[in-house]
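Each chain is listed here by its residues.
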Amino acid sequence: MAKSATDAAAEALALENVTCRFGSVVALDCVSLAIAPGERVALVGPSGAGKSTLLKLFNGSISPSSGQVSVLGQSLYRLSGRRRRQLQRQIGMVYQQHQLVSNLSVIHNVNAGHLGRWPLWKALWSLVWPQQVDVARQVLEQLGLADKLHARTERLSGGQQQRVALARVMVQNPKVVLADEPVASVDPARADDMMQQLCALTQRRRTLLVSLHTVRLAKAYCDRIVGLRRGHIVFDVPAASIDDQQLTELYNLCETTA
Amino acid sequence: MKPPPKPLALGLWLGLLAGSLWIAGLRVFGLGLLGLEQRPIFNWNGFSLIGQFLLAIVHPATDSVFISIIAKATLTTLAFAICGTAFSLIIGLLAGILSSEVWWQTCCPGLIGRSIWRSGRGALAIPRAIHELIWGLLLLNILGLDPLVGVLAIAIPFGAITAKVFAEILDETPTAPLKALVNSGVRPDAAFLYGHLPQALPNLISYSFYRFECSLRAAAVLGVIGAGGLGYQIFLSLQSLRYEQLWTGFYALILLNGAVDLWSAQLRRQMGFVSRMDIGRQRRNTVKQPQNAAKQSQRTAKQPYAEQPHIDAEPIAIDANRSNLSRHPAWLKIRLPKQTFIRGSLVAIALSIPLCFAYLGLDWSRLDRAWILLQDLAKQVSPTQVLPEFSWALFPLAVQTVAMSVIAITLAGLGGVLFSFPAAQNFFLPGGLLRASGEARRWSIGHGLMIVARLVLLAARAIPAPILALVILYGMFPGIWPGAVALAIHNFGILGRLMAEVNENLPDGPVRALRSLGASSTSLIFYGILPANLSRFLAYGLYRWEVCLRETVIVGLVGAGGLGRLMTEQLSSFDYSGLAATITVFILLTIGVDFVSGWMRQAVR
């Protein structure tokens, strides 16, 4: 469906002179950015730099005050209703707080990844009689959670819940994966594991945009690093060529001006 | 008590419902084929009257004479509610402290204190189990027609309910500051008043507002039995079939209730309390003492407002959502400087209480004369006279009462869930969870839906249930159905609003996550919203079931069947021995239903 559009588009994600205001606060100030299909991009920067805002723009949960946002060659905010949902199902999001429906069992949370494709009757029937259990089981097996298929999500540990959230994205099978500080609340070993999972998820020309606090992870797992500070892009360089000078500036400057 | 498995509770409810429908004349499961006669439910001849009644919605009586009568009646109803609430809060605070565990633990630790606490709690159960309407009729017999009847009929049962809830709030408030004071040598009573009460105060105040809203509804119902005010005027208009006047009265009631709801919501918000029924929530943020943990779980099983799952894991997200929704037209939000509004309200409360007492002109001397009547009454309720009154004839009536409440609460719950979506602020308004983001229209269909849904809910809970039952009796034959439908409409109004509040307090992260992966609005409801809220919807429904059972006496008044009808008959024929027996059966019934409901609430959690 959206495939022809993707192939035609040169970039998977693009911002063009985007400004985002919340009341008097300017979260993003005239930002332009282009990310090609298959790229793995890390967003770094101090808290409040606008990383979350930037990610939210791409999954359609907020709209820009001005400027153009395009995803897979289409302008998300020009679309409405069905067309918009069709595009949204090509974008997967991993949240720091997982954002799972905690009262549902794991299988339903994983199956929620199908919701963009399933007709309503199937979605409802699945709550009574889970559908496509094999897909869910296979995905959970990859993540080492196969035995939790029917457990209630709220009874799982934080790390397990994060893997359920990942499973939901895997089932959704999107072209673009956005991750908002996915490793902010896990220990270093888990962080590496999580990044590996995200990279595995984004093989085969899938695009990854991940916001991180740990520059080491950004260097290790991403092709390109974008530094964001107070709503502006400070640098945009290949991961290999980033130097410490740039990083200290990114974090220091903010402290002095804030 | 071990929480039962969910399917068992669900099956039990379905069984109860099927049985109730069967008793109410709807022969489900094909039992009608067995030759049991099918009683008619609808009286089609009366539908023209219902039509006339509904037509009058658009042309209420507006002549100045009647308007002034209604205005006066509105003031009377408000005065009843204020005086009744004032009394019940005084009773509630004193009795609440004296029946709280923490008070006796502090002031009189040991076996004596604990036994006083237990018996205090137990003693409160009896006035609470008897509905305010029965209190009203009883007091009417004893005191004669006087405003005192209306005020006391609210004060006695509501005082007992408030005492129970206040006691629970006091016990659930963290005791560390109190203990610190006591351990540093402060007198226990001073430590309690200084270190414990102020902490519990926000919750006590929040509940007091809720009680006031309840008192207002009770005042309207009590008007029907002759206490005066709007209920009485509406009843007169209905008896003389003047539907235009009837609707003027309804509109006045809706206006009064709506104004009080808005004011109390605004005041609670400004004082920093989120929801009127979330008393139990704060407790969960505090450190639980281990020896209290078991008791707390017991307690939470009893009161649904105390058993809401802890949902404020992400207050920031909710706040962000709120600010996102601040696109209402300006008039939807009353903007006054915060302090002015709170101070003004407090002054108004302080002034209104003495004014209302003066306005009603209570005749306290009647209490002296009532003493003789009370002694006479006491003779009639001696065990030798009451015991013969128990008979198996009460059994079918008790079953009917339960059936009526089960049908009513099922209908009310279904309607409430349905209306809770458009009535909540965070779904259909621009920026809401069920809307595509990025829309920034100031007005939308969502606003219209919300206003209509809220008005329907307001009207449903503002109009007294006996009046609804009387209207429904035009179109249905006397029996369980008219009572059940009237109670269903009334409870629908209450449940719908409570459920809308549950919806508004929903953490929006998971729902927005589903939205952003492309799920449709309907899928969102079934995958994101209902799973998160259903257990609380059920808990509220079951809690209202307990209340609904007590309320069956309201519709029994107008002949809707069940024990309530028998009670009102016995009251009007001064048959106190019989009444004592009926009330005993009724209290046992309420205890049984409270037990089943508490058990099921644990299951659905």
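Remember, predicted model here, so these are calculated numbers, not experimental data. (Residues numbered from 1 in each chain as written. Chains lettered and ligands numbered in written order. Predicted model: local features only at pLDDT ≥ 70, side-chain atom pairs only at ≥ 80, totals over all residues.)

Quick notes on the nonpolar core
Within the largest apolar cluster, 245 residues are counted, with the highest numbers of intra-cluster contacts made by A:L209, B:A469 and B:A484. Beyond its immediate stretch of four places on either side in the chain, B:A484 contacts B:A24, B:M404, B:I407 and B:A408. (Core = buried A, V, L, I, M, F, W, Y, C linked by C-beta atoms within 7 Å. Buried ≥ 20, exposed ≤ 12 C-beta atoms within 10 Å, placed from the backbone. Contact = placed C-beta atoms within 7 Å.)

A word on the environment of A:L55
All names here are of chain A. Structurally, the position occupied by L55 is in helix α2 (residues 51–59). Judged by the 23 C-beta atoms lying within 10 Å of it, L55 is buried. On a C-alpha basis, the gap between L55 and R78 in space is 18 Å, while along the polypeptide they are 23 residues apart. In this structure, L55 is in contact with L178, D180, L209 and S211, ignoring residues within four places of it in sequence. (Helix = DSSP H or I, 4+ residues; strand = E, 2+ residues; numbered from the N terminus.)

A few points about the domain arrangement of chain A
All names here are of chain A. The domain boundaries assigned to chain A delineate domain 1 (1–87 + 177–186 + 210–258) and domain 2 (91–173). One C-alpha centre belongs to domain 1, the other to domain 2, and the line joining them spans 26 Å. In this assembly, 13 residues from domain 1 lie in contact with 11 residues from domain 2. Those elements that provide at least two residues to the side of domain 1 that touches domain 2 are α2 and β7 (176–180). Considering every element that reaches the side of domain 1 that touches domain 2, the biggest residue donor is β7, with 4 residues. A class-by-class count of the residues in the side of domain 1 that touches domain 2 yields 8 nonpolar, 2 polar and 3 charged. (Domains from an automatic or database assignment. Nonpolar A, V, L, I, M, F, W, Y, C, P; charged D, E, K, R; others polar.)

Considering the interface of chain A and chain B
Reports often express the size of an interface as the amount of accessible area lost when the parts come together. Counting residues at the interface gives 31 residues for chain A, matched by 22 residues for chain B. Elements with a minimum of two residues in the side of chain A that touches chain B: α3 (81–88), β6 (91–94) and α5 (120–128) of chain A.

As for helix α8 (residues 188–201) of chain A
Because each turn of an α-helix spans 3.6 residues, side chains separated by three or four positions in sequence point in the same direction. Between its first and last C-alpha, α8(A) extends 20 Å over 14 residues, near the 20 Å set by a 1.5 Å rise per residue. On the buried face of α8(A), the contacting elements are α7 (158–172), β7, β8 (207–211) and α9 (215–221) of chain A. (Expected span 1.5 Å × (residues − 1).)

Here we look at the sheet that holds strand β9 (residues 224–229) of chain A
Residues and elements named next belong to chain A. Spatially, β6-β7-β8-β3-β9-β10 is the arrangement adopted by the 6 strands of the open sheet, whose pairing is mixed. For this open sheet the edge positions go to β6 and β10 (232–238), each flanked by a neighbour on one side alone. Within the sheet, the average angular offset between the axes of one strand and its neighbour, ignoring direction, is 15°. Direction of pairing for β6 relative to β7: parallel, over a ladder of 4 bridges. Each bridged residue has a counterpart across the sheet, and for M93 the counterpart in β7 is L178. On top of the sheet, α7 reaches β6 and β7; it is set at about 175° to β6, its chief contact. (Pairing = 2+ DSSP bridges. Axes fitted to C-alpha atoms, helices over the stretch in contact; angles between N-to-C directions.)

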